[in-house]
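What the coordinates show
Listed below, chain by chain, are the residues.
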Amino acid sequence: MIVRFHIDPSAGGHFEYRVTYEGEDLYADDGLDSIEACIVAATEGLGQDAVAAEVAYRGIISGTYPLASLALVSAQIAQHAAQTTEAVEEVLR
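This is a predicted model, so every value here is computed, not measured. Position numbers for residues count from 1 along each chain, tracking the sequence in the order it is written. Given that this is a predicted model, residues contribute local features only at a pLDDT of at least 70 and side-chain atom pairs are listed and counted only at 80 or more, while totals for whole chains, interfaces and linings are drawn from all residues. To get the side-chain values, take all heavy atoms of the structure and skip hydrogens and water.

1. With respect to the sheet that holds strand β2 (residues 15-21)
Between any two strands, at least two bridges found by DSSP are needed for them to pair. Counting from the N terminus, the helices are DSSP H or I runs at least four residues long and the strands are E runs at least two residues long. Pairing is mixed across the open sheet formed by five strands, whose spatial order is β3-β2-β1-β4-β5. Among the strands making up the open sheet, the edge pair consists of β3 (24-32) and β5 (60-66). Here the average twist between neighbouring strands, direction ignored, is 20°. Judged from the seven bridges that link them, β2 and β3 form a sheet pairing that is antiparallel. Bridge assignment links Y21 to a residue of β3, and that residue is E24. Lying on the sheet, helix α1 (residues 35-44) is in contact with β1 (2-9), β2, β3 and β4 (52-57); it crosses β2 at an angle near 35°. Pairs of residues are marked as contacts when any of their non-hydrogen atoms sit within 4.5 Å. Helix axes use the C-alpha atoms of the stretch in contact, all axes being lines fitted to C-alpha atoms, and the angles between their N-to-C directions lie in the range 0 to 180 degrees. Most of the contacts of helix α3 (residues 74-92) go to β5, to which it runs at about 155°, and overall it touches β4 and β5.

2. So, the pattern of salt bridges
Think of a salt bridge as a Lys or Arg side-chain nitrogen and an Asp or Glu carboxyl oxygen that are within 4 Å of each other. Counting across every chain of the model gives four salt bridges. For E90, the salt bridge identified is with R93, shortest N-O distance 3.0 Å. Judged by relative accessible area, R93 falls into the exposed class, the value being 70%. Think of it in three bands: with a 1.4 Å probe and only protein chains considered, a residue is buried below 20% of the maximum accessible area for its type, exposed above 50%, and partly exposed in between.

3. A short note on the nonpolar core
We call a set of buried residues a nonpolar core when its members are Ala, Val, Leu, Ile, Met, Phe, Trp, Tyr or Cys and they connect through side-chain atoms within 4.5 Å of each other. Counting residues in hydrophobic clusters, the biggest one holds 22 residues, and the most contacted among them are F5, I7, Y17, I39, V55 and L70. Of all the secondary structure elements, the ones that give two or more residues to this core are β1, β2, α1, β4 and α3. Among the elements that line this core, the one with the most residues is α1, at five residues. With near-sequence residues (within four places) excluded, I7 lies in contact with E16, Y17, I35, C38, I39, V55, A56, Y57 and R58.

4. Considerations on the environment of V51
You can see V51 is positioned in the loop between α1 and β4. Under the relative-accessibility criterion, V51 is labelled exposed at 52%. Considered as a pair, V51 and R18 are 33 residues apart in the sequence and their alpha carbons are 17 Å apart. Those residues in contact with V51, other than ones at most four positions away along the chain, are M1, I2, P66 and L67.

5. What to know about the pairing of β4
Remark: a regular strand shows side chains that alternate across the two faces of the sheet. Counting buried positions along β4 yields five of six residues, so the element is predominantly enclosed. Relative to β4, β1 runs parallel, the two sharing six bridges. Bridge pairing in β4 places F5 opposite V55. Judged from the six bridges that link them, β4 and β5 form a sheet pairing that is antiparallel. What sits directly across from A56, in β5, is I61.

Printed below as a string of structure tokens:
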């Protein structure tokens with residue numbers, strides 16, 4: 001299964017995430033320090049059925065990544081998510 005990580009800023013400069021599959025919430029957390037921390041925490045909570053995850057920051061999907069990539073290059077994926085969202089929002093203004 002391919003899940004989706006929904007990552008958003010929350011109060012106090014923190015971040016929150018929720019993990020969904022086919023629109024159904026699986027689990028969530030908030031108060032994390034960064035987009036990367038959300039990716040790491042969301043990945044750690046996945047069961048064996050998940051093979052990949054779509055990463056969406058502020059509603060913009062930046063990509064679909066196999067679980068191994070999420071674990072190995074979470075910093076780069078977090079940076080890509082932030083840059084993709086910023087670029088899309090810039091065009092929409």
